[in-house]
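Observations on the model geometry
Okay, here's what each chain looks like letter by letter:
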Amino acid sequence: MADSALSHVTRAAALSAMAAEPVDLLVIGGGITGAGIARDAALRGIRTAVVDKGDFAAGTSSASSRLIHGGLRYLETGDFRLVFESSRERRVLLGIAPHLVWPLPFLFPVYRGARVPPWKLRAGMWLYDALAAFRNVHGHRWLSAAATRRLEPQLRDRDLRGAALYYDAQTDDARLVLATLRSAAAAGALVANYAEAASLLKPDGRVRGAVVRDAITGEARTVRALVVVNATGPWCDGLRRQDRADAAPLLRLTRGAHVAVPRARIGHSHAVTLTSPLDGRVMFVLPWGDVSYIGTTDIDDPGDPDAVRTTAADVTYLLRSANAYFPNARLTPADVIATWAGLRALVATSPQRTASAVSREHVIEESASGLLTIAGGKLTTYRTMAAELVDRVAARLHDADGRPRAPAPPTDRERLPGGETARPDVLEPALREQGASAETAEHLVRCYGSEAPAVLNRAKRNRVLLGPIAEGRPEIRAEVEHVVEREMAMRLGDVLMRRLHLFWQAGDQGLGAAPPVARKLRELLGWDAEREAAELAAYRGEVARARACLGPAAVAGPPAD
Ligand SMILES: Cc1cc2nc3c(=O)[nH]c(=O)nc-3n(C[C@H](O)[C@H](O)[C@H](O)COP(=O)(O)OP(=O)(O)OC[C@H]3O[C@@H](n4cnc5c(N)ncnc54)[C@H](O)[C@@H]3O)c2cc1C
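Residues numbered from 1 in each chain as written. Predicted model: local features only at pLDDT ≥ 70, side-chain atom pairs only at ≥ 80, totals over all residues. Heavy atoms only, no water.

**Notes on the environment of Thr310**
Heads up, the condition is: Runs of E in the DSSP output that reach at least two residues are strands. Runs of H or I that reach at least four are helices, and both are numbered from the N terminus. Whether two residues are in contact is decided by their heavy atoms: any pair within 4.5 Å suffices. Between N or O atoms, a polar contact is any pair within 3.5 Å; within protein, one atom must be a potential hydrogen donor and the other a potential acceptor, and residues adjacent in sequence are included only when both atoms are from side chains.
You can see Thr310 is positioned in the loop between β15 (299–300) and α9 (312–325). Taking the C-alpha atoms as reference points, Thr310 and Ala341, separated by 31 residues in sequence, lie 5.3 Å from one another. With residues near it in sequence (within four places) discarded, Thr310 still touches Ala257, His258, Val315, Thr339, Trp340, Ala341 and Cys549. Within the structure, Thr310 has its side chain in polar contact with the side chain of Thr339 (distance 3.5 Å). In terms of polar contacts, Thr310 uses its side chain to reach the backbone carbonyl oxygen of Trp340, at 3.3 Å.

Below you can see the structure in the form of structure tokens.
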């Protein structure tokens, strides 16, 4: 096995290698779908390249509700097969990445006159456990109103009849993508971010590769491939039209937005499932350290996937829904620390169906010229989606040159990098002995799992690296080096958003930490002063765009920590 480290050095080598010699498989898109495919294919010994036009996970895969879940909601739409498969995948992912996927208890309170009556919820809960073959982390329990009040005293008391206590799992979506790509790289995949498939190669009418443009240097390379996969999520119809100008849309895009607020403002300890009083949709209030995030909306949005943002109406909907269940919170836009929005790439079916009623199943399409497109699906089911797609790739490669069809690898048992320790929290005392605070030790283990000691070891050589990136926060300076050298962080936003998450959970969205981190990146990545300034401006722009929905005062500056 090759090393799983990804960096600017491996990126340059990967781009050269994929241009120098044809690959078997070119995967376009480095969200969870493309990452899963690259991992499955590389583990089968297929010579694989995977490229993303921006950072890995910068699309939908870092804008999710971060749940690895059976999908209680899908019981209402009768998607039992999806719930069954998702429940199995929840078990698998808890096993292969215990640092990135962890069990989460949920309360689903029931009120007199609610859209989902208690009998229906009871039946649904039983079915949910049954579809998990009664092998969920724990079975559900039914709580009286008094027991519910004891567990979540801030929940609305009026008309409360009780609650279901059940279990799902939460994940770090962006890090799950990175870990999956590192596993792919360890198995030999060529991996590059900021590498756009600018056009498809069709020398004889068949898709034979793509022109890949390096978004950092501007250089364009021709990458030849026996099979090309379009795993570009909400962008996939655009690439399909490059293949065939009159391709009918495969997707219906709906926007899902989240807002994050200080957890103390709501005062909850469990994840809470609720039905919005505004339209009866199922939504969540979810804990994330000292932050809570509320999501999500589900609104048709046929716009440009690059321009998707939370709107003021999304914020109003989310805060009003949460306030109806947590009346003491009285949340207003001024409480919002961060917002994020992504586009669900739902498979287009009847336009008459509401967005929430459209199935979350995926579809695989092969065009007349051989482009394989995979669309729809969920973060939770990415591994099985990948296996199904790579079976098709293996068959195509067999037809192309007679090689044996590579069997499916044990992606359900092969642990992701950092997931080698089944109980990563046991590492925390050793990290504390090496000088990490309790918060830092917990944070390092959550992000890096069994690799956390390696992050801390960097500070052994240079104690300055043990210092916090921002005062009062658990992230330490050593992590900047680590994410550049192990996780291919190429830009300031890559570090502050998808790797360290300050954008989503620090009170100032990482604006205070941005200048010192940019300075460090300048040293590590060889930037000049102009590039450093441009990166800072780009990051500030990113924060401002995410806050535009909160009104002009919020854009000027987020609340202090
Ligand atoms: C609001 C919301 C909440 C969700 N919550 C959950 C949840 O809690 N649990 C769950 O299981 N699922 C959830 N989902 C679904 C899940 O997030 C998606 O199914 C999944 O992230 C899709 O991944 P993807 O790789 O297909 O797409 P993306 O993550 O969007 O990746 C596509 C990638 O393709 C790249 N790309 C586009 N064009 C090109 C090109 N020409 N060249 C190179 N690269 C290109 C993009 O830059 C992008 O990174 C949620 C979805 C949304 C929108």
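**A short note on unusual backbone geometry**
The omega angle of the peptide bond from Gly295 to Thr296 is 10°, so this bond is cis rather than trans. Here Thr296 lies in the loop between β14 (291–295) and β15. In this model, Met488 sits at a positive phi of 55°, which is unusual for a non-glycine residue.

**A short note on the nonpolar core**
We count it as follows: Nonpolar cores are built from buried Ala, Val, Leu, Ile, Met, Phe, Trp, Tyr and Cys residues. Side-chain atoms within 4.5 Å join them into one set. Only protein chains enter the calculation, and the probe is 1.4 Å; a residue is then buried if its accessible area is under 20% of its type maximum, exposed if over 50%, and partly exposed in between.
Ranked by size, the top nonpolar core spans 70 residues in total, and within it Leu492, Val517 and Leu521 carry the most contacts. In contact with Leu521, other than residues within four places in its own chain, are Val480, Val484, Arg491, Leu492, Val495, Gly526 and Trp527.

**Some remarks on the side chain of Arg175**
Mapping Arg175 onto the fold places it in helix α6 (residues 173–186). Looking at Arg175, its side chain comes within polar contact range of the main-chain oxygen of Arg499, at 3.1 Å. Not counting the four nearest positions on each side in its chain, Arg175 is found in contact with Leu100, Cys447, Tyr448, Val483, Glu487, Arg498, Arg499 and His501.

**Some words on the site of the ligand**
Put simply, the rule is: Proximity is defined per residue: any heavy atom of the residue falling within 4 Å of a molecule or strand makes that residue near it. Here the Shrake-Rupley method, with its probe set to 1.4 Å, supplies the accessible areas, and only the displayed protein chains count as covering residues. Note that Gly is not counted as nonpolar here; it falls among the polar residues with everything else outside the nonpolar set of Ala, Val, Leu, Ile, Met, Phe, Trp, Tyr, Cys and Pro and the charged set of Asp, Glu, Lys and Arg.
As a matter of local geometry, the ligand sits amid 36 residues, with Thr33, Asp52, Thr60, Ser61 and Thr380 nearest to it. Here an oxygen atom of the ligand sits 3.5 Å away from a polar atom, N or O, in the main chain of Arg66. Interatomic distance of 2.7 Å between a backbone N/O atom of Leu67 and a nitrogen atom of the ligand. Out of a free accessible area of 1000 Å², the ligand has 93% covered by protein chains. Elements that contribute at least two residues to the shell around the ligand include exactly α2 (32–43), β8 (195–201), β11 (251–262) and β16 (338–347). Class assignment of the residues belonging to the shell around the ligand gives a composition of 12 nonpolar, 18 polar and 6 charged.

**Regarding the packing of helix α12 (residues 438–448) against helix α14 (residues 478–486)**
Put simply, the rule is: Convention adopted: a line fitted to C-alpha atoms gives each axis, helices being fitted over their contacting stretch, and angles between N-to-C directions are expressed from 0 to 180 degrees. Angle categories: roughly parallel below 35 degrees, roughly antiparallel above 145, roughly perpendicular from 65 to 115, and oblique for all the rest.
Their axes nearest at 13 Å, the elements α12 and α14 cross at an angle of 5°. Judged by the angle between their axes, α12 and α14 are roughly parallel. Where α12 approaches α14, its residues His443, Leu444 and Tyr448 are matched on the opposing element by Glu479, His482 and Val483. Here the contact of α12 with α14 is built from residues that sort into 3 nonpolar, 2 polar and 1 charged.

**What about the packing of aromatic side chains?**
Applicable threshold: Two rings belonging to Phe, Tyr or Trp (six-membered ring only in the last case) form a pair when the distance between their centres is within 6.5 Å. Interplanar angles under 30 degrees mark stacking, angles over 60 mark edge-to-face geometry, and anything in between is tilted. By the criterion adopted, a ring carries a charge over it if an Arg CZ or a Lys NZ lies within 6 Å of its centre and within 35 degrees of its normal.
By the definition in use, this model includes 11 aromatic pairs. Arranged with centres 5.6 Å apart and planes meeting at 70°, the rings of Tyr111 and Tyr325 form a pair that is edge-to-face. A residue pair is termed long-range when its members are at least 10 positions apart, and Tyr111 in strand β4 (residues 101–111) and Tyr325 in helix α9 qualify at 214 residues. Taken together, a centroid distance of 6.3 Å and an interplanar angle of 70° make the contact between Trp340 and Trp504 edge-to-face. Here the residue Trp340 occupies a position in strand β16, and Trp504 occupies one in helix α16 (residues 502–505), the gap between them amounting to 164 residues. What makes Trp340 buried here is its relative accessible area of 5%. Through pairs of rings, three or more aromatic residues link up here, namely Trp102, Trp288, Tyr293, Trp340, Phe503, Trp504 and Tyr539. Above the plane of the ring of Tyr293 lies Arg66, whose end atom (NZ or CZ) is 4.8 Å from the centre. Note that Arg66 overlies the ring of Trp504, its terminal NZ or CZ placed 5.7 Å from the centroid.

By themselves, these are just geometric observations and shouldn't be taken as functional.
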